[in-house]
Amino acid sequence: MNGILIIGHAPLATALRQCALHVFPECAAELGALDVLPNVPPEETLADAREVLRQLEQQAGIKSVLVLADVFGATPCNVAQKLVDG
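Analysis parameters
- For every chain, the first residue of its written sequence is number 1, and the numbers climb from 1 along that sequence.
- The predicted origin of the model limits local features to residues at a pLDDT of at least 70 and limits the giving and counting of side-chain atom pairs to 80 or more, whereas totals for whole chains, interfaces and linings rest on all residues.
- As a convention, hydrogens and water are excluded, and side-chain values are obtained from all of the structure's heavy atoms.
- The way it works is that DSSP assigns letters per residue, a run of H or I at least four long becomes a helix, a run of E at least two long becomes a strand, and they are numbered from the N terminus.
- Exposure classes here rest on a 1.4 Å probe applied to the protein chains alone. A residue is buried below 20% of its type maximum, exposed above 50%, and partly exposed in between.
- The sign given to each residue is positive for Lys and Arg and negative for Asp and Glu; His and the chain ends receive no count.
- We define a salt bridge as a side-chain nitrogen of Lys or Arg found within 4 Å of a carboxyl oxygen belonging to Asp or Glu.
- Contacts: residue pairs with any heavy atoms within 4.5 Å of one another.
- Scored from 0 to 100, pLDDT reflects the predictor's confidence in each residue.
- For two strands to pair, DSSP has to find at least two bridges joining them.
- For crossovers, right-handed means that the path from the first strand over the helix to the second runs clockwise, given strands pointing away from the viewer.

Mapping E30 onto the fold places it in the loop between helix 1 (12–23) and strand 2 (31–36). Within the buried core, E30 has no salt-bridge partner, and the shortest N-O distance to an opposite charge, that of R17, equals 8.2 Å. Not counting the four nearest positions on each side in its chain, E30 is found in contact with M1, N2, G3, I4, L56, A60 and I62.

In structure tokens:
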């Protein structure tokens, strides 16, 4: 099974997840969201993203995850790239 992780500046990621779940409520376990808060170090955001990925893998048996980020070159995108590199 595949999953989706949305990483975006707060509150965009959570809002997009809620919009998707409005139409597809049965996909809650396969859809994660991480809001990047201002003044939070990228390393902390990366640790949070890894935790969300771990939860997706455990709860829904996810084998692969599509990661979506809101702005290329900004912290959400940089964190997503580090998840791939890791």
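Our focus in this paragraph is the confidence of the model for the chain. With 98% of its residues at a pLDDT of at least 70, the chain reaches an overall mean of 94. Averaged over each element, pLDDT in the chain is lowest for helix 3 (residues 75–85) (91) and highest for helix 1 (98).

With that settled, consider the pairing of strand 1 (residues 2–9). Bridge count between strand 1 and strand 3 (residues 64–69): 6 bridges; the pairing is parallel. Bridge assignment links I4 to a residue of strand 3, and that residue is L66. Relative to strand 2, strand 1 is paired through 6 bridges, and the arrangement is parallel. Paired with I4 across the strands is L31, a residue of strand 2. Following the chain from strand 1 across helix 1 to the adjacent parallel strand 2, one finds a crossover that is right-handed.

Applying the stated criterion across every chain yields a total of 1 salt bridge. Residues E51 and R54 are paired through a salt bridge, measuring 2.4 Å at the closest nitrogen-oxygen approach. Placement of both E51 and R54 in helix 2 (residues 42–60) is noted, with a separation of 3 residues, approximately one turn of the helix. Take E51: its relative accessible area is 32%, and that puts it in the partly exposed class.

Within the element layout of this structure, E44 appears in helix 2. On the accessibility criterion, E44 (43% relative accessible area) is partly exposed. Sequence-wise, E44 and V79 are 35 residues apart; in three dimensions their C-alpha atoms are separated by 9.8 Å.

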